Amino acid sequence: MQDNATEVTAAGIARLAGVGRAAVSNWRRRHADFPKPVGGTETSPSFALAEVEAWLRKQGKLAEVPLRERVWQQLAGHPEGPVTALTHAGCVLLLIHERPTVWLEVSSGSDERLAAILPGALEQVLVPRFGAGAVNASAAVNAAVAVNSQSPVNLPPRAGTPDAVNTPPPVHGVNSPSAVHAVNTSPTVHTPTGPQLLPSAPLLRGAAELAADLGARQAFEFLLGRHLDANPRQYTLTPTELAGLMADLAGPARTLLDPACGTGALMRAVTPRPDQELYAQDSAPDLAALTALRLALHTRATVRAAAGDTLRADAFPDLRADAVLCHPPFNERNWGHDELAYDPRWEYGFPARNESELAWVQHALARLRDGGTAVLLMPPAAASRRSGRRIRADLLRRGALRAVVALPIGAAPPYNIPLHLWVLHRPDKAPAQPEVLLVDTGQYATEGRGGPDWRAVREVVLEAWGAFDRAGTLQERPGLARSLPVIDLLDDDVDLAPARHLPPPAAADGTDALTAVRERLGDTLRLTVELTPPPADPAQPAPRWPFTTVGELARGGALVMRTGGNGGHARVPVLTDHDVLAGTAPSGTLPESDEEAVLTEPGDVVVPVLGGGAVARVIDDATGGAALGRNLVLLRPDPTALDPWFLAGFLRGTANNRQASSYASTATRLDVRRLQLPRLALDEQRRYGARFRALDEFERALRRANRLGDQLVRGMYDGLTDGTVAPG
């Protein structure tokens, strides 16, 4: 049964058919039978997915909607919203993951029968994984109601019967009934009722098909990743690489807490163990539910998730965890300062109204067992604000703060500031001569959008932390890391910013590096002279060529045209539009999913479609194999018909780009199919291509000289100001 309520935008139609947005606009203008909008707005209409699919197939533009795209469009267009749809899909995927035969029995028959019987089946999975609070009372009623024309389903024993799985164990370290009550009265994953599930029936069947193809866990990760990517402003995400580093710093843990769990990225980065107990809380109920489902699919550990404001309404007040991981909200003034003045968690001092991060630090310490470790992502201001100096001083004196790690710019949102990691320890006794580790990885920032050099960051941080954790001290590593006696930091400011306490790199290294940069700049400038193209001959008349377009060449088979995707594998570098414009190596990332990425090959031509610049890049051996990022179009010419350098060169013509561009109020978009190039024999194409290739080498040399010049000037300023370079 097709879901007629599912709506799809023009962007979704373009993705279904593998074309650009401009093509969808053309179809709407040229074809009177194109489906009419059923929702949305005048500028951003939405269409019924079933009607769009039928029209595309009728026009021969689509043989079959790809399964992933169909399921995603059903989720995105769900009448109750994508979060509700994702939660319903997650519940069913967990059922398929743990009891696939039950799903096969429940899903046979009509959608009405599925909706009526499914709640009882879900209850048998959700209760053991999330506790009794997950049960919705109406689910039991709906589970007992069978459609008259349908046969009953043999479900597993219901919760509470002798053969049922018992209620999960209480919170680790919790003995009082009130603590268990705090967990179970704040359910995050409710068993949906039959009427709630009925609109989701087509989506749930599609999700089951996707699970058969990818596996239940990866199907949920794909849908969650697409949802997060489609709504980037709604969520503050923790990058996968940073989550892995924080988990490694925390070390192995049987009981783990994330009091601001978001989408569960930090807990998912922890190596799963069968005896683990995972506790998560978030103020947004939808995020807490998605985290619970994500963790339940990822691990067999006990999962306890709660919705609520952690600082005001802690769901796990008596928990003593082995480790706490947390990416708290930054700069919150309404964190409960007035209500929580006498809260027992403020063991190191009552945080000021503008020190919400220090409230989260003390909450994490209060939920640790003696000897436990907490790792928090912090804004750099928390290390130096005067309003927090007394709390920082007490954290140092009592040995609770073990390390402060300055991350490179671009490590996590907000990407324009270098965030810090604080490693904390709940001391079982006061250290005799405490020291604190300070690490600065700022030098590993990169110019592209793909974030810092995570491999180098991990090596430096984990090596320094491992040595410090074993010995309680660390030998000085100029410019990178050192440990300081706590007494050296207890001044009027108690400033913990690592850059202010680390020694500069050795002077000889700095001078040698500047010499090397100067030599490279000299070589590059000589190269630019050699590559400078000769002036054009003004007396030579302009040729009169017959022209064709990229669209005609694609229809004729002379080239293949592909657009950038929205997902791929985390280990594959992504070529972004910024990389193409700047002439740099692939630096981007895409949400991790099993969606097939478009991979570049040597000889491909890549064109950005936004920004209004006349740019085209020929992929070489070094860039081949990268995934194609968003807002890029890839042209793969047939080498027997088209020379790639000839193609790229003519695509860069200013007049060519102007006539193929359309203009919105704030952006310019290029319709690559309308770009023109002359019809020339292959030998003549190669002659032009050789000249275009020489121009490309000249352009690259100019960019390299510019970067080296900036590096030399910056290094000279630094050398003169820190004394490593003499004025003479």
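Refer to the structure printed above.
The shown structure was predicted, so the numbers you read here are calculated from the model rather than taken from an experiment. (Residues numbered from 1 in each chain as written. Predicted model: local features only at pLDDT ≥ 70, side-chain atom pairs only at ≥ 80, totals over all residues. Heavy atoms only, no water.)

Along its length, the chain carries 24 helices and 22 strands. Within the chain, the fraction of its 728 residues that count as buried is 51%. Considering only residue pairs separated by 6 or more positions, the chain has 74% of its internal contacts joining residues 24 or more positions apart. A total of about 33,500 Å² of accessible surface is found on the chain, and carbon and sulfur atoms cover 51% of it. (Helix = DSSP H or I, 4+ residues; strand = E, 2+ residues; numbered from the N terminus. Buried < 20%, exposed > 50% of the residue type's maximum accessible area, 1.4 Å probe, protein only. Contact = heavy atoms within 4.5 Å. Areas by Shrake-Rupley, 256 points an atom, 1.4 Å probe, with all protein chains shown as cover.)

A separate point is the packing of helix α1 (residues 10–17) against helix α2 (residues 21–30). Two elements in contact, α1 and α2, have axes whose closest approach is 8 Å; the angle formed by their N-to-C orientations is 105°. One element, α1, and the other, α2, form an angle in the roughly perpendicular class. Here A10, A11, I13, A14 and A17 of α1 lie close against α2, whose contacting residues are R21, V24 and W27. (Axes fitted to C-alpha atoms, helices over the stretch in contact; angles between N-to-C directions. Parallel < 35°, antiparallel > 145°, perpendicular 65-115°, else oblique.)

Take the environment of T724 next. Here T724 is to be found in the segment after α24 (682–722). Once the C-alpha coordinates of T724 and P504 are considered, the two residues, 220 residues apart in sequence, prove to be 9.9 Å apart.

Okay, the packing of aromatic side chains next. Given two aromatic rings, one states the distance between the centres and the angle between the planes to describe the pair. Using the criterion set out here, one finds 14 aromatic pairs in the structure. A ring pair is formed by W335 and W346, whose centres lie 5.9 Å apart and whose planes are at 85°; its orientation type is edge-to-face. Within this pair, whereas W335 is found in the loop between β7 (321–326) and α16 (356–366), its partner W346 is found in the loop between β7 and α16, the two being separated by 11 residues in sequence. What makes W346 buried here is its relative accessible area of 9%. Arranged with centres 6.5 Å apart and planes meeting at 35°, the rings of Y688 and F692 form a pair that is tilted. Of this pair, Y688 and F692 both sit in helix α24, four residues apart, which is roughly one turn of the helix. Using a relative accessible area of 21% as the deciding quantity, one classes F692 as partly exposed. An aromatic cluster of three or more residues is present, and its members are W545, F547, F646, F650, Y688 and F692. Positioned over the ring face of F222 is R68, at 5.9 Å from the centre of the ring. (Phe/Tyr/Trp six-rings, centres within 6.5 Å; stacked < 30°, edge-to-face > 60°. Lys NZ or Arg CZ within 6 Å of the ring centre and 35° of its normal.)

Below, the discussion takes up the side chain of T373. If you trace the backbone, T373 turns up in strand β8 (residues 368–378). In this view, T373 contacts L249, A250, D322, A323, V324, L368, V423, L424 and H425; residues no more than four positions away in its chain are not counted.

Taken in spatial order, the four strands make up an open sheet running β14-β19-β16-β17, and their pairing is antiparallel. Two strands bound the open sheet, and with one partner strand each, they are β14 (559–563) and β17 (617–618). In this structure, strand β16 (residues 605–608) lies alongside β17, joined through two bridges in antiparallel fashion. Bridging across to β17, V605 finds its partner in V618. (Pairing = 2+ DSSP bridges.)

In this chain, P413 is followed by P414 through a cis amide linkage whose omega measures -5°. Checked against the element boundaries, P414 lands in the loop between β9 (401–406) and β10 (420–425). Phi is positive for N331, close to 55°, though the residue is something other than glycine. If you trace the backbone, N331 turns up in the loop between β7 and α16. Of note, the phi angle at V494 is positive, near 50°, even though the residue is not glycine.

This part takes up the sheet that holds strand β3 (residues 45–48). Ordered by their spatial adjacency, three strands build an open sheet running β1-β3-β2, and the pairing between neighbours is antiparallel. Every interior strand has two partners, whereas the edge strands, β1 (7–9) and β2 (39–40), have only one. The pairing of β1 with β3 spans three bridges and is antiparallel. Looking across to β3, one finds that V8 is bridged to F47. Of the strands in this sheet, β1 and β3 touch α1, which is tilted by about 85° from β1.

Let's shift gears to the pairing of strand β5 (residues 277–282). Of all six residues in β5, six are buried; the element is thus mostly enclosed. Side-chain alternation along β5 places E277, Y279 and Q281 on one buried face and L278, A280 and D282 on a second face that is also buried. The pairing of β5 with strand β6 (residues 302–307) spans six bridges and is classified as parallel. By the bridge assignment for β6, Q281 is matched with A306. Regarding topology, helix α15 (residues 285–298) serves as the crossover connection from β5 to the parallel β6, and that connection is right-handed. (Right-handed = clockwise from strand over helix to strand, strands pointing away.)

Next up on the list: the packing of helix α22 (residues 644–651) against α24. In contact at an axis separation of 7 Å, α22 and α24 are set at 65° when each is read in the N-to-C sense. Viewed along their axes, α22 and α24 adopt a mutual orientation that is roughly perpendicular. For the element pair α22 and α24, the recorded crossing hand is left-handed. Seen from α22, the contacting residues are W645, F646, G649 and F650; seen from α24, they are Q685, Y688, G689, F692, R693 and D696. By residue class, the composition of the contact of α22 with α24 is five nonpolar, three polar and two charged. (Left-handed = near helix turned anticlockwise from the far one by under 90°. Nonpolar A, V, L, I, M, F, W, Y, C, P; charged D, E, K, R; others polar.)

A few words on a positive patch on the surface. Together, R30, K61, R555 and R673 give the surface a local cluster of positive charge. Tracing the chain through its elements places R555 in helix α20 (residues 550–555). Look at R555 and you get exposed, because its relative accessible area is 65%. (Patch = residues over 30% accessible without salt bridge, like charges linked within 9 Å, V, L, I, M, F, W, Y side chains within 5 Å. Salt bridge = Lys/Arg side-chain N within 4 Å of Asp/Glu carboxyl O. Lys, Arg positive; Asp, Glu negative; His and termini not counted. Charge placed at Lys NZ, Arg CZ, Asp CG, Glu CD.)

Here we take up the pattern of salt bridges. Enumeration over the complete set of coordinates arrives at 37 salt bridges. The residue R385 makes a salt bridge to E357 at a minimum N-O spacing of 2.8 Å. Of this pair, R385 sits in the loop between β8 and α17 (389–397) while E357 sits in helix α16; the two residues are 28 residues apart in sequence, bridging distant segments of the chain. Comparing R385 with E357 shows no difference in burial state: the two are buried. Close ionic contact of R687 with E684 constitutes a salt bridge, the shortest N to O distance being 2.8 Å. Here E684 and R687 lie together in helix α24, a separation of three residues that amounts to about one turn. Owing to a relative accessible area of 55%, R687 belongs among the exposed residues under this scheme.

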